[in-house]
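Each chain is listed here by its residues.
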Amino acid sequence: MAPKRSTSPATGRRKSIAIIGGGLTGLVAAKQLQAKGFAVTVFEDDARLGGHIKTEPAFDEGLFCEAGAELISGKHEHIIGLAKELGVELEPFASSSGSADTSTLLHFKGKIITQGQFEEAFAVLAKAITRDEDQLYLRTEQPISRAREIPWNRAKATALDAMSLKDYLAAKQRELHAEGHEVPDWLIAAVSVAYGGEIGQDADKISALTFVTMLNTSLLRSGSAHALEMPGEEDQIYRVRGGNEELISALVNRVLATTPAPDRFHDGGNVIRHSTPVTHVNHIPGNRVSVTYQTHGQQWSEQFDGLVTTMSMSSLRQIPGIQDVLKKHSTARADMQAINTMQESDVSKITLQTRTLPAQLLAKLNDGKPHEGIIYTDTGPQTIWVSSVNQRTSQGQTPRTGLITCYVCGETSRLPAKEKAAMCENAIVRMLREADPSVTRDTIFNGHAPVVSDWTGKQEGCFVSPAPNQFLPLCNFEPNHGNIVTTGSFIPVIVNNPTNDEGIDIDIQLGYMNNAVKAGSDAAEYLSQYFSRRQSLLLAG
């Protein structure tokens, strides 16, 4: 059935929407808007669509890695629903035999610390963090669906937002020492590393309010170190079979399958334009938006009824004219500071191919038991983990080799790619050599070139990483302004907030594929309602 058209009552012309950014949010918005009868044009300045979704099928035996967004949790209902709708298959991210240990290990100061030891130490720190969380929210029985609806204790929230995570953890350590509790230095370092890897920055550049509000509340109150895993991420039980770009391909096919006749486009009616940088946007009379772009060496301008931007804030603020367009809407003025100043991630992913299955290699650190869990370390990379769990070869067989992915965040991520890759290889060799002195680089790695992917504050697909004094403005960010939507996976999402006898329980999530799908869907729904209201007013007039 053809979608019902959203048209102008005066001309019968289909309402047109420009979408800047061809990542997951932009493509979902395009799909949903087209389903609602809008004419949509997606502009992507890169030759590749997908944004922070990038699958690298670059390894021996047909193994692949995700250079960007990775796994899907059981609570990620938006992306799970999208995959089902598009016929994209999800598969378990779990050892096929179920025999590997998936617990968290830590390697600090040359020593292995088990998950049990970590959680025993973290339980003490969790008590101090929980006290701050108890003071952070005003009690309410009202349901909360958006981060900007949170009833903050404003003084407490402001104080935490002004403090860096590094200073906050040092203060909690002193506070607990004064109460007679032992809080080892390695624990503070481990929490800094673990959370820095999640948010993509060094601890001295992260807002403490980000840390306190984005810990998993229920796990925090039980004293579990799994609280450090961001809300909605804690199980990570699925991945897209064949890689996340399968989802992007399916979305592109769905959008192009509903392309209208080529009655207004310069290059044959394509509604998705890659390799097409937007060079200027402008507000024009009639509450419309002009978008100027370059393609095939030429510059063109088109007019649209609405605009959706889905790129990172650092990319958004570089588009000439965007500031003036947003200033036309009084509701957007409060968000200009966030757009202009928000800190974003500095993170690199380095994926290395091992000569044998990684679980067997990492058994050397785990009393001989195969290991496929996360390793937090102070050896250079902050996080090391087995990323090829349950993968098959291109012939569908169990591989002989495997993949280990390392996360490098903050200042270290700005090192040259070869230097970062060598640092990660050396860190893994040193760790394993402590358990087995015969280990060498050649006995661990198969010689395949590492894949290094950078997601820094000026790259495509990066995610927000609020610095001190930036988390409250982000939570208050309003993406919808008349016929303009500035959105993306950076929009804070409430994961669960059950009301109970003691008040509210709030978990906030940032930057996952699930958020991106929700942001794109929300943008389409908002614009559909906006134009429907305007049309009703015009007809009534």
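Computed from a prediction, not measured in an experiment: that's the story for all the values here.

## Concerning the sheet that holds strand 18 (residues 451-455)
So, point 1. Taken together, the seven strands give an open sheet; going across it, the order is 7-6-15-16-17-14-18, and neighbouring strands pair in mixed fashion. Each of the sheet's edge strands pairs with one partner strand only, and the pair in question is strand 7 (111-113) and strand 18. Pairwise comparison of adjacent strand axes, ignoring direction, gives a mean angle of 20° for this sheet.
So, point 2. As judged from the four bridges shared by strand 16 (residues 383-386) and strand 17 (residues 402-409), these two strands associate in the antiparallel manner. Bridge pairing in strand 17 places I384 opposite C406.
So, point 3. Sheet strands in contact with helix 6 (residues 185-199) are strand 6 (105-108), strand 7, strand 15 (375-377) and strand 17, and its direction is about 115° off that of strand 6.

## Side note on unusual backbone geometry
So, point 1. Although it is not a glycine, S275 sits at a positive phi angle of roughly 55°.
So, point 2. Positionally, S275 belongs in the loop between strand 9 (272-273) and strand 10 (278-284).
So, point 3. Phi at D367 takes a positive value of approximately 55°, unusual for a residue other than glycine.
So, point 4. If you trace the backbone, D367 turns up in the loop between helix 13 (358-362) and strand 15.
So, point 5. Given the relative accessible area of 83%, D367 is considered exposed.

## Things to note about the environment of T217
So, point 1. Within the element layout of this structure, T217 appears in helix 8 (residues 217-221).
So, point 2. Assessed through its relative accessible area of 0%, T217 is described here as buried.
So, point 3. For T217 and T130, which are 87 residues apart along the polypeptide, the C-alpha to C-alpha distance reads 8.4 Å.

## Examining the nonpolar core
So, point 1. If you look at the biggest cluster of nonpolar residues, it comprises 76 residues, and the most contacted ones within it are W152, Y168, F211, V291 and F471.
So, point 2. Residues contacting F471, with those up to four places away along its chain left out, are W152, D161, S207, L209, T210, T213, M214, P466, I508 and L510.
So, point 3. In this structure, F38, V42, L82 and A523 belong to the second largest nonpolar core, which totals 40 residues.

## Quick word on the packing of aromatic side chains
Any aromatic ring pair is given by two values, namely how distant the centres are and how the planes are angled relative to each other.
So, point 1. Taken as a whole and assessed by the stated rule, the structure comprises 12 aromatic pairs.
So, point 2. Aromatic pair F43 and F304: ring centres 6.1 Å apart, planes at 90°, arrangement edge-to-face. Of this pair, F43 sits in strand 2 (residues 39-43) while F304 sits in strand 12 (residues 298-304), placing them 261 residues apart in sequence. In this pair, the class of F43 matches that of F304, namely buried.
So, point 3. With a centroid separation of 5.7 Å and 55° between ring planes, the pair formed by F93 and W385 is classed as tilted. One end of the pair, F93, is in the loop between strand 5 (90-92) and strand 6; the other, W385, is in strand 16, with 292 residues separating them in the sequence. Assigned by exposure class, F93 and W385 land together as buried.
So, point 4. Through a chain of ring-to-ring contacts, three or more aromatic side chains come together here, namely F38, Y526, Y530 and F531.

What counts and how
Residues numbered from 1 in each chain as written. Predicted model: local features only at pLDDT ≥ 70, side-chain atom pairs only at ≥ 80, totals over all residues. Heavy atoms only, no water. Pairing = 2+ DSSP bridges. Helix = DSSP H or I, 4+ residues; strand = E, 2+ residues; numbered from the N terminus. Axes fitted to C-alpha atoms, helices over the stretch in contact; angles between N-to-C directions. Contact = heavy atoms within 4.5 Å. Buried < 20%, exposed > 50% of the residue type's maximum accessible area, 1.4 Å probe, protein only. Core = buried A, V, L, I, M, F, W, Y, C linked by side-chain atoms within 4.5 Å. Phe/Tyr/Trp six-rings, centres within 6.5 Å; stacked < 30°, edge-to-face > 60°.

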